[in-house]
Amino acid sequence: MIASIRRLAACAMLPFAVSAFADEHSKELQQFLDSLHYRTGTVEVKGGHATLKLTNDFRYLDAGDAQRVLELWGNPPDKSVLGLIEPANVSPVERNGWAVVITYSDDGHVADTDAAKIDYSKMLKDMQDQTRDSNEERKKSGYESVDLVGWATPPHYDAASNKLYWAKDLAFAGQSEHTLNYDIRVLGRGGYLSLNAVANMSQLPLIESKMQNVLAMTDFDAGQRYGDFNASTDKLAAYGIGALVAGTIAAKAGLFTKLFIMILAAKKFIIAGLLAVGAAFKKFFGRSKS
């Protein structure tokens, strides 16, 4: 197991700590990366009634490894995460690393009759208030506060494919660059699949392009698609399209952070970023002993 990382905050205060930090902890980070079990090709999303047909540009982590990567990035533990789609040629600890978080809700078939009537400007203000209200609980749990700056991409519903997408611009305390959460909801027979891309705001054009590829690779299994809904036998969700966007923004829901963790082995560091990186490492690796 990876050893506890100690005295990170103290080290980060000193200029000579850059190389010392890398030398001491690059091995632990490499061990973590080597422990991840990536899958390629056609992949079943266990618990999501869906299948991914991954192109060579992407790879996949099942629930256990996906949750570990998200916690390394500084997110609260979340057992609802079913998997993670990553670009095949980028490490999850590189500054330009990004991933798509997959979850599934079985609340029932979501009717889309309200899609054209939603005031997304008003909804944004309500979501911003709700996000601020959740910060006290986040801080109590040991996570940084966050502000919902606004829409990075306004919500849009594609009635032909039964897919809803939008993007949030998030500012996490202690981070100089904003975080992008690009959300897609794929509606199905008995619920919906959530595809949440976590990246840096500067990557918005890239993510918008790549998420179209992710959509093309993702589909519900036969019998579980939106058109398979049977009103006589299937459960109807108690909410519509609007609730999927507004959601419940609490300590963990709908907000994933992306810490700027560098590749330690390459010793690419920024002094100002060491405190944030150190805190993430201490929280993640400090759970286990040698």
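Check the entry above for the structure.
Anyway, here's the lowdown on the structure attached to this text. A quick note: this is a predicted structure, and the numbers were derived from the prediction, not measured. (Residues numbered from 1 in each chain as written. Predicted model: local features only at pLDDT ≥ 70, side-chain atom pairs only at ≥ 80, totals over all residues. Heavy atoms only, no water.)

Okay, the overall build of the chain next. When you go through the chain residue by residue, the secondary structure sums to seven helices and 13 strands. By the burial criterion, 50% of the 290 residues in the chain qualify as buried. Sequence-distant contacts in the chain: of pairs separated by 6 or more residues, those separated by 24 or more amount to 65%. If you sum the accessible surface of the chain, you get close to 13200 Å²; carbon and sulfur atoms cover 53% of it. (Helix = DSSP H or I, 4+ residues; strand = E, 2+ residues; numbered from the N terminus. Buried < 20%, exposed > 50% of the residue type's maximum accessible area, 1.4 Å probe, protein only. Contact = heavy atoms within 4.5 Å. Areas by Shrake-Rupley, 256 points an atom, 1.4 Å probe, with all protein chains shown as cover.)

Let us look at the sheet that holds strand β11 (residues 192-200). Pairing in this open sheet of eight strands is antiparallel, and the strands run β1-β4-β5-β6-β11-β10-β9-β8 from one edge to the other. Looking along the sheet, the strands with just one partner apiece sit at the ends: β1 (38-39) and β8 (146-158). One ladder, built from five bridges, connects strand β4 (residues 58-62) with strand β5 (residues 83-87); its direction is antiparallel. Bridging from a neighbouring strand, Leu61 pairs with Leu84 of β5. Contacts from helix α3 (residues 63-72) reach β4, β5 and β6 (99-105) within the one sheet, and its direction differs from that of β4 by about 100°. Those strands touched by helix α4 (residues 120-140) are β8 and β9 (163-172), and its axis lies near 140° from that of β8. (Pairing = 2+ DSSP bridges. Axes fitted to C-alpha atoms, helices over the stretch in contact; angles between N-to-C directions.)

Right, let's get into the environment of Arg138. Tracing the backbone through its elements, the reader meets Arg138 in helix α4. A residue is classified by how much of its surface remains accessible, and Arg138, at 1% relative accessible area, is buried. It is 8.9 Å that separates the C-alpha atoms of Arg138 and Pro76, two residues lying 62 residues apart in sequence.

Let us look at the side chain of Lys168. Topologically, Lys168 is positioned in strand β9. Look at Lys168 and you get buried, because its relative accessible area is 4%.

With seven of ten residues buried, α3 is to be regarded as a mostly interior element. Buried within α3 are the following residues: Asp65, Ala66, Gln67, Val69, Leu70, Glu71 and Leu72. Trailing α3 by a residue or two, Gly74 shows a phi angle of about 105°, which is positive.

Here we come to the sheet that holds strand β2 (residues 42-45). Spatially, the three strands line up as an open sheet ordered β2-β3-β12, and their pairing is antiparallel. Of all the strands in the sheet, the pair left with one neighbour each is β2 and β12 (218-220). Taking the axes of each pair of neighbouring strands and ignoring which way they run, one obtains an average angle of 25° across the sheet. In the packing of helix α5 (residues 204-217) onto the sheet, contacts are made with β3 (50-53) and β12, and the angle to β12 comes to roughly 35°.

Moving on, we come to the packing of aromatic side chains. Think of a pair of aromatic rings as described by two things: how far the centres are apart, and how the planes are tilted against each other in angle. Summed over all chains, the structure comprises two aromatic pairs. On the basis of an interplanar angle of 85° and a centroid distance of 6.3 Å, the ring pair of Phe58 and Trp98 is categorised as edge-to-face. With Phe58 in strand β4 and Trp98 in the loop between β5 and β6, the pair connects residues that are 40 residues apart, well separated along the chain. Comparing Phe58 with Trp98 shows no difference in burial state: the two are buried. Judged by centre distance (6.3 Å) and plane angle (70°), the ring pair of Tyr104 and Phe220 falls under edge-to-face. Residue Tyr104 is located in strand β6, and its partner Phe220 is located in strand β12; the two are separated by 116 residues in the primary sequence. Tyr104 gets classed as buried once you look at its relative accessible area, which sits at 19%. (Phe/Tyr/Trp six-rings, centres within 6.5 Å; stacked < 30°, edge-to-face > 60°.)

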